[in-house]
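# Results of the structural survey
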Amino acid sequence: VLLVESGGGLVQAGGSLRLSCAASGGTFSSYAMGWFRQAPGKEREFVASISLSGGSTFYADSVKGRFTISRDNAKNTVYLQMNSLKPEDTAVYYCASSTIVTKKSQDYDYWGQGTQVTVSS
């Protein structure tokens, strides 16, 4: 499974970005998907995950109410809509696929290369 993220960039605090992750090489609808992020000098952390059908979603407390994960199985794509961005959201954002819906990075099998999100104050 190949995952390719896009949509990162530089945005001012309070702004919005939508990240996309396009999947190929597998049956997209068979995978739960997740978003993680890693800031400089910090460990990779869970952001959000979504079930195979998109019916269940889970979020880190730090992004709950501001970020929305969604998926389009017809387009083999998962999205992360990020609103009310804060400087502390600055990180490289990664999408990943798993056979289960989980917050644990070790349960994800395939990872994208990451996309940089920078939020200026």
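Quick note: structure is the one above.
Parameters and conventions
- Residues numbered from 1 in each chain as written.
- Predicted model: local features only at pLDDT ≥ 70, side-chain atom pairs only at ≥ 80, totals over all residues.
- Heavy atoms only, no water.
- Buried < 20%, exposed > 50% of the residue type's maximum accessible area, 1.4 Å probe, protein only.
- Helix = DSSP H or I, 4+ residues; strand = E, 2+ residues; numbered from the N terminus.
- Pairing = 2+ DSSP bridges.
- Core = buried A, V, L, I, M, F, W, Y, C linked by side-chain atoms within 4.5 Å.
- Contact = heavy atoms within 4.5 Å.
- Polar contact = N/O pair within 3.5 Å; in protein donor to acceptor, adjacent residues only side chain to side chain.

## Examining the pairing of strand 11 (residues 115-120)
The two faces of strand 11 differ: Thr115, Val117 and Val119 on one face are buried, but Gln116, Thr118 and Ser120 on the other face are not. Both strand 2 (residues 9-12) and strand 11 contribute to a ladder of four bridges, which runs parallel. The partner of Leu10 across the bridge, within strand 11, is Thr118. When strand 9 (residues 91-98) meets strand 11, the two strands line up antiparallel, connected through three bridges. Across the sheet, Tyr93 pairs through a bridge with Thr115, a residue of strand 11.

## Let's talk about the nonpolar core
Core analysis: the biggest nonpolar cluster contains 32 residues, and Trp35, Leu80, Met82 and Tyr93 have the highest contact counts within it. For this core, the secondary structure elements donating two or more residues are strand 3 (17-24), strand 4 (32-38), strand 5 (45-50), strand 7 (67-72), strand 8 (77-82), strand 9 and strand 11. Those residues in contact with Met82, other than ones at most four positions away along the chain, are Gly15, Ser16, Leu17, Leu19, Arg66, Phe67, Tyr93 and Val117.

## Some details on the side chain of Thr102
Position of Thr102 among the secondary structure elements: in the loop between strand 9 and strand 10 (110-111). Given the relative accessible area of 9%, Thr102 is considered buried. A polar contact of 3.0 Å, which involves the side chain of Thr102, links it to the backbone nitrogen of Lys104. In terms of polar contacts, Thr102 uses its side chain to reach the side chain of Asp107, at 3.0 Å.

In short, the description is geometric, and any link to function would need to be established separately.
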